[in-house]
Structures are given as structure tokens and as C-alpha cells.
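Structure at a glance
If you want the building blocks of each chain, they are given just below.
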Amino acid sequence: MRRGLVLGALGIAAIAAAGFGVTSATPIDSSPLAGLAGDPAKGEIVFIASGCASCHAAPDTEGDAKLVLAGGQRFASDFGTFIAPNISSDPEAGIGAWSLEDFASAVKKGVSPDGQHYYPAFPYTAYSLMSDQDVVDLWAFWQTLPADATPSQPHEVGFPFNIRRSVGVWKLLYMTDDWVMAEAATPEIELGRYLVEALAHCGECHTPRDALGGLDRSAWLAGAPNPTGRGTIPSLTPEDLTWGPIEIAYYLETGFTPDFDSAGGHMVAVVENFAKLPASDREAVAAYLKALP
Amino acid sequence: MKKHLAAAVAFAALGCGTAAMAQTDFSAELKARQGQFRIMAINLGILGGMAQGKTEYNAEAAQAAADTLVAISMVQQTPMWPAGSDNMSIDGTRAQPTIWEQNDDFLSKWGDFGTAAKAIQAAAAGGVEGLGPVMGQVGGTCSACHDTHRAPAN
């Protein structure tokens, strides 16, 4: 039923695309960015919470080497393997020659400077909810990052997914400006919602996907098969994750579960990042998870 | 799982009883290695509870827990990780094939845990203030290994 609906919508979207060219990539409206001044210190917090380095640092780097965003990590999916590009400040190999508008279009709209769609392996579907001020701060922080000349590698993706234009159809189906949690009851939950749904893109791993690889928002954070091997990425809904808010915040800080098992897999990088954020951010995420239906 | 099946077929063909199966399902090794991790978690929990202020600090209890961590770190690992006991071959384990493919890395991460256990052993009786930082160090070595070599649970 659901799948039928999605495929039906895809058909309609494809026809619309063919007819009206709606799959073309439009860059961001830059006017809201114009008056904003960037603060690199605040941008660093956005950078850490968003986990940019977790994907764009070279494979197996640690510590400060993670700030060299040379790319090269591989992300397997049902559609092929994506390889994170170099987004260091190198003007040739990286994005050093980009403008703020180029950067904001990439992060918030998944559109490249030459008007192509990016694949959603780059989690811009979450970052689309990033505030304009945070994008501007992030870009200010970018100016402090080192350059690296390692060239980006091509993705290993076959037909028809190698046609970037088809991503335009996908975006019509899955890009939205709406929060999953429509009402945030307190300012703390609102901050948690921003961290979980926009910056830290928790849903990318903890929410199941449908046949087209889009997040099934009706099962938000309800757990998903591990995309790279066996096992299940656990559910975070209050029904399944029975830990209290203090325990959730402690896990995000230390990786320790209430019975002192220690986090593994892709969650390790998330914990590494969250350990560097203010305690109030971890508490806000916990409050948000506890407020989920 | 596959291996399990193949073994079952082979034994059936030979007319062997089920008792012989215990040899190939690695249940003893799985119990031993999973049990050792539980001992680690329980003792870390004693130290963590004190560090968090959930339980009152007690130098003797802290020392005993830390000593236990060091003792476990000296248990030889190889016999508990026979080839074919990874999670692609059998059920009941979260051990990734990387443990055998990159065995040096696995053993060096086990060694890192041993080093951190010694640090917590040295700090344990010295007061609650010293526990927090070494807890973090130990936890880092647990996660570093779970990161690559342990799959999420089912």
C-alpha cells in the first residue's frame, strides 16, 4: 500500500519532471544570508554537532587530523557506493574557491555550484532545516580549516542512479521544510529537535527507509536494519529506549549504556562529537527523545 | 548459520548424534568471550557509579573493581576467537569478520584496553576525583574496538 503510493507518486513526479523541468536544480535564495556576519567559534559548534568531519575526514583519522577534510570514506547503499569528496579549503581539490551562496546551496538544498543535484548520501535532507545564521557561522569556521590537495574519487554507482537528474525526482518526494515533531512543548525540546532532526541527522541511521531509500517518517527513529552488515540500529522511541534522560545524556557524553556496555559501530563517531558539545545540548537531545510519541 | 547447516547435514549423513554438534557451534567460546565482556562492564559499572556520584566512593571496592579489569585484560584471547565464529558464519554473536581479517588491529585494541585498565588500577584508590578522566580513557578503548569489530545487536 505504502509502496504503491510512493511508486505512484514517483510516476507522477517523473511525468511532471519530463513535462516541466522541475527536476532542475535551483540554488538557494541568497538574500536572507546577505546581512549576516559569521562567527567562526559558533560555527565550530555547528560543525561538531553536524558531524561533517565524521564523513569527510580521510578514512581512519583521529584527533586534529579529522579537521583535514580530504574525503575518501566509502558509504555503501542499495544504490551503489558513494565516496565522500574533498571539501577542504583547497581551491582545486576542495571547495576553497566557493562563495557562501555556493556553500549554502550545497548544504541546505543539495545543489552544486554548477547546478547539479547531490546524492542524499550527503544528508542535506536534514541540513535543509539548518538556520541561516548557523550556515553563515559554519562557513566562517570553514575559513579556518586546512587545505588538502587529495583529489575526490568518483562514486561507484550504476545506471540509473548515476544520473544526477533523477535525484531531482527523489528530492520532490523527500525534501521537506517540516519538522517531524510538529510541536515542541518547551524551549529545551525545541533545541533538541533542532539538534536531532537538523544538525546531527540522527534519523539517517535510526529511521527505516522505504524502497526508494527515503526515510519513512511515520516510523521516525524507530530503528532500522544496519546498512553495512548484520544487526539492527536500535529504536530510540520512548517505548523501546527505556533509559532516563540523564542516562541518555551520559551515553552521548561517554558512550556508556546504563549497564556500562560501550557504544560501537557508527554511533562511536556521534558520541565523539557530542562529548565536545555543551552538556545542555546533550540534555536537550535527551528531552527531545523522551518527548517522542 | 550456513556452517551450522553444512555441519548438520554432514553429521546426519555419518549417523552422528547431536552431542558432537557442540564441537562446531562454538557455544563454549561464545559464552567465554561474551562473559568476559560482561565482567568488564559490571566492574566498570562499579567505578562509573562512584564517578557519577550514584554510589558512595569506597577506595577498597574501587580498587577491587579496577584490579578485576586488569586481570581480565591478561586473559589470553586467541582460544576464544576460533576461525568461523564470526557473525556472518554463525548466529549468537556480534563479532565481525574484521576480527580475523585484521587480527593485528583487534589484538592491538585489546592491548590498548589493558593499558587503560592499568591506568585505572593506579588511580582507583586515590579518591573519586581521579576516576572520571581514567573512566573516559577506558571507555575510549572499549568503543574503539566496538567501532570496527562489533556489530549492532539484533
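Residues numbered from 1 in each chain as written. Chains lettered and ligands numbered in written order. Predicted model: local features only at pLDDT ≥ 70, side-chain atom pairs only at ≥ 80, totals over all residues. Heavy atoms only, no water.

Here the focus is the sheet that holds strand S2 (residues 80-83) of chain A. Strand pairing in a sheet relies on backbone hydrogen bonds. The paired strands run either parallel or antiparallel. Residues and elements named next belong to chain A. With respect to topology, three strands assemble into an open sheet ordered S1-S2-S3, the strand pairing being antiparallel. At either margin of the open sheet sits one strand with a lone partner, and together these are strand S1 (74-77) and strand S3 (156-157). Bridging between S1 and S2 involves four bridges; their strand directions are antiparallel. Looking at S2, one finds that Arg74 is bridged to Ile83. (Pairing = 2+ DSSP bridges. Helix = DSSP H or I, 4+ residues; strand = E, 2+ residues; numbered from the N terminus.)

For the rest of this paragraph, the subject is the nonpolar core. All names here are of chain A. Core analysis: the largest hydrophobic core is formed by 54 residues, its most contacted members being Phe47, Phe103, Met130, Trp142, Leu221, Tyr288 and Leu289. Within the residue set of this core, elements represented by two or more residues are helix H3 (40-50), helix H4 (52-56), helix H5 (100-109), helix H7 (132-142), helix H9 (187-199), helix H11 (245-254), helix H12 (267-274) and helix H13 (279-291). In this structure, this core is formed jointly by two domains, domain 1 (2-174) and domain 2 (187-291), each of which donates at least three residues. Setting aside residues no more than four positions away along its own chain, Trp142 makes contact with Phe47, Cys52, Leu69, Ile87, Ser89, Ile95 and Phe103. (Core = buried A, V, L, I, M, F, W, Y, C linked by side-chain atoms within 4.5 Å. Buried < 20%, exposed > 50% of the residue type's maximum accessible area, 1.4 Å probe, protein only. Domains from an automatic or database assignment. Contact = heavy atoms within 4.5 Å.)

On to the domain arrangement of chain A, then. Residues and elements named next belong to chain A. Splitting chain A by domain gives domain 1 (2-174) and domain 2 (187-291). The gap between the C-alpha centroids of domain 1 and domain 2 is 22 Å. The partner domain 2 presents 21 residues to the 25 residues of domain 1 that form the contact. The contact between domain 1 and domain 2 buries some 2000 Å² in all, and 61% of this surface belongs to carbon and sulfur atoms. Seen at the junction of domain 1 and domain 2, the total is one salt bridge. Scanning the region where domain 1 abuts domain 2 turns up eight residue pairs in polar contact (both at pLDDT 80 or more). Elements with a contribution of two residues or more to the side of domain 1 that touches domain 2: helix H1 (2-20), H3, helix H6 (124-127) and helix H8 (165-174). Sort the elements by how many residues they give to the side of domain 1 that touches domain 2 and H3 lands first, with five residues. (Buried area = accessible area lost by both parts, 1.4 Å probe. Salt bridge = Lys/Arg side-chain N within 4 Å of Asp/Glu carboxyl O. Polar contact = N/O pair within 3.5 Å; in protein donor to acceptor, adjacent residues only side chain to side chain.)

Another point: the layout of surface pockets. In this structure, the second largest pocket encloses a volume near 580 Å³. In terms of lining residues, the second largest pocket is bounded by 26 residues, among which Asp261 of chain A together with Arg33, Phe37, His146 and Arg150 of chain B are the most central. Of all the secondary-structure elements, those providing two or more residues to the lining of the second largest pocket are helix H2 (27-51), helix H5 (103-123) and helix H6 (131-149) of chain B. When residues in the lining of the second largest pocket are grouped by element, the largest group, seven residues, is from H2 of chain B. Classifying every residue of the lining of the second largest pocket by side-chain character gives 14 nonpolar, six polar and six charged. (1 Å grid on protein atoms, 1.4 Å probe; cavity = no way out; pocket = protein on both sides within 12 Å on 5 of 7 lines; lining within 4 Å. Points joined across faces, edges and corners; volume = space filled by probe spheres on them. Nonpolar A, V, L, I, M, F, W, Y, C, P; charged D, E, K, R; others polar.)

So, about the pattern of salt bridges. Applying the stated criterion to the full structure yields nine salt bridges over all chains. Its salt-bridge partner being Arg150 of chain B, residue Asp261 of chain A comes within 3.0 Å of it at the nearest N-O pair. Taken together, the positions of Asp261 of chain A in the loop between H11 and H12 and Arg150 of chain B in the segment after H6 put the pair across two chains. Under the relative-accessibility criterion, Asp261 of chain A is labelled buried at 16%.

Let's shift gears to the packing of H11 of chain A against H13 of chain A. All names here are of chain A. Remark: H11 packs on H13, axes separated minimally by 8 Å, with the N-to-C direction vectors making an angle of 130°. Viewed along their axes, H11 and H13 adopt a mutual orientation that is oblique. Every pair of crossing elements has a handedness; the one defined by H11 and H13 is right-handed. Here H11 contributes Pro245, Ile248, Ala249, Leu252 and Glu253 to the contact with H13, which in turn contributes Arg282, Glu283, Val285, Ala286, Leu289 and Lys290. Looking at side-chain class alone, the contact of H11 with H13 contains seven nonpolar, no polar and four charged residues. (Axes fitted to C-alpha atoms, helices over the stretch in contact; angles between N-to-C directions. Parallel < 35°, antiparallel > 145°, perpendicular 65-115°, else oblique. Left-handed = near helix turned anticlockwise from the far one by under 90°.)

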